[in-house]
Structures are given as structure tokens and as C-alpha cells.
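# Chains, contacts and geometry: an overview
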Amino acid sequence: MSLVRRAVPEDAPEVLRLRQVMIDDLPGGDKSVEWHEQSLPVLRERLGEADGDFAAFVVDHPERPGALAALVVGTVDYRIGKAGNPHGRAGYVFSVATDHQARRRGYARACMEELMEWFRERGAGQVMLTASPEAEPLYASLGFVHKPDPTMMRRL
């Protein structure tokens, strides 16, 4: 039996807590949590969509009932096809987080493997993510490689 399960709407507060753990660990991460209250209703709704384009996989914390130990979230979206991905479905991984007290137990890897299967089931021809230096060895062991093209972003 797998330790990993699909997150459900009731997990939303813990999903946000672990997302904040990830944000707090990033260089320059914004430690504010005021946005959690506004994010919670939408997150609950999305976690309830079993057949949608959004999924979160989690591991329950073995020492803290009701808490999550690890989290991986991903989405599938459509981009015009290309060589290597003619159907244009692409997966994107974000919010990979493990509670500080539960690290180095293989939870993030197990969650990533479940998410990769979810992407395959939805016909994603490629999966992208942004890796911290600490997480790069995990992603490389799962077959991820660096892309040569740069990514840019703009807030709206």
C-alpha cells in the first residue's frame, strides 16, 4: 500500500501550510500568510475536482495526526504541439514541499512518482518544473534535465 494519496478538500489548510514551508525556504521568499484566507476557498474547490487539470498528492505526517508530511502539486495545460509533444499537453510541477521534521524519508519522491503517473494518464507529453539547488538531485534522478531557454515572468 502506498503512503501517497490524492489530496482532498479537507486537506486545503495543510496544503497551504506546506506551500508556505516551501516559500519560506526559497531565497527572498515572502513569509506573509495573509493571502492564505483568500486562497483557501479556491484551493478547496480545485482539490474537489477529481477529473480536472489540477492535482495534489500528499503523505500524511506519521507523527502528527491531521498534518501532512509532504506535498506535490501539478497542473496539465494545452500548448500548441511541437516535435516531441505533438498533442501539446504539458504538465507543470509546483509546490513540492516536505515538512522539516519529515525530510529524507522518500516522501517527496513517492509523491512525484504518483504525480508523474497522473500526468501520463492525462496524455502529457512533457513535464516542467523549477528546481531549487537542494532539489535538483531528486529531479535529475527522476529524469528531469535543464532546458537551454530562459524563463521570464510578469505579475499582473
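Preceding this paragraph is the structure being described.
Described in the following lines is the structure provided in the data block. (Residues numbered from 1 in each chain as written. Predicted model: local features only at pLDDT ≥ 70, side-chain atom pairs only at ≥ 80, totals over all residues. Heavy atoms only, no water.)

Turning next to the overall build of the chain. Tallying secondary structure elements over the chain gives four helices and five strands in all. When the helices and strands of the chain are listed from N to C terminus, the series reads β-α-α-β-β-β-α-β-α. Taking 15 Å as the expected radius of gyration for a compact globule of 156 residues, we find that the chain reaches 16 Å, a close match to that expectation. Based on the C-alpha atoms only, the size of the chain along its principal axes is roughly 45 × 35 × 30 Å. For the chain, the share of sequence-separated contacts (at least 6 apart) that also reach a separation of at least 24 residues comes to 63%. Put simply, the chain has 20 plus and 23 minus side-chain charges, and the middle of one group is 4 Å from the middle of the other. (Helix = DSSP H or I, 4+ residues; strand = E, 2+ residues; numbered from the N terminus. Rg over C-alpha atoms; globule rule 2.2 N^0.38 Å. Contact = heavy atoms within 4.5 Å. Lys, Arg positive; Asp, Glu negative; His and termini not counted. Charge placed at Lys NZ, Arg CZ, Asp CG, Glu CD.)

Glancing now at the packing of aromatic side chains. Tallying each qualifying case throughout the model produces three aromatic pairs. An angle of 25° between the planes, with centres 6.3 Å apart, marks the rings of Tyr92 and Phe94 as stacked. Judged by centre distance (6.0 Å) and plane angle (70°), the rings of Tyr139 and Phe144 are edge-to-face. A relative accessible area of 16% places Phe144 in the buried class. (Phe/Tyr/Trp six-rings, centres within 6.5 Å; stacked < 30°, edge-to-face > 60°. Buried < 20%, exposed > 50% of the residue type's maximum accessible area, 1.4 Å probe, protein only.)

Turning next to the nonpolar core. In terms of nonpolar packing, the biggest core is built from 24 residues, with Val93, Met112, Leu115 and Phe119 touching the most fellow members. Within the residue set of this core, elements represented by two or more residues are strand S2 (54-60), strand S3 (68-78), strand S4 (89-98), helix H3 (107-121) and helix H4 (136-141). With eight residues, H3 is the single largest residue contributor to this core. Beyond its immediate chain neighbours, meaning those up to four positions away, Leu115 contacts Ala55, Phe57, Val72, Val73, Gly74 and Val93. Core analysis: the second largest hydrophobic core is formed by 18 residues, Leu16, Leu18, Leu68 and Ala97 among them. (Core = buried A, V, L, I, M, F, W, Y, C linked by side-chain atoms within 4.5 Å.)

For Gln20, the location among the structural elements is in helix H1 (residues 12-25). A polar contact is formed between the side chain of Gln20 and the backbone oxygen of Asp30, at a distance of 3.1 Å. (Polar contact = N/O pair within 3.5 Å; in protein donor to acceptor, adjacent residues only side chain to side chain.)

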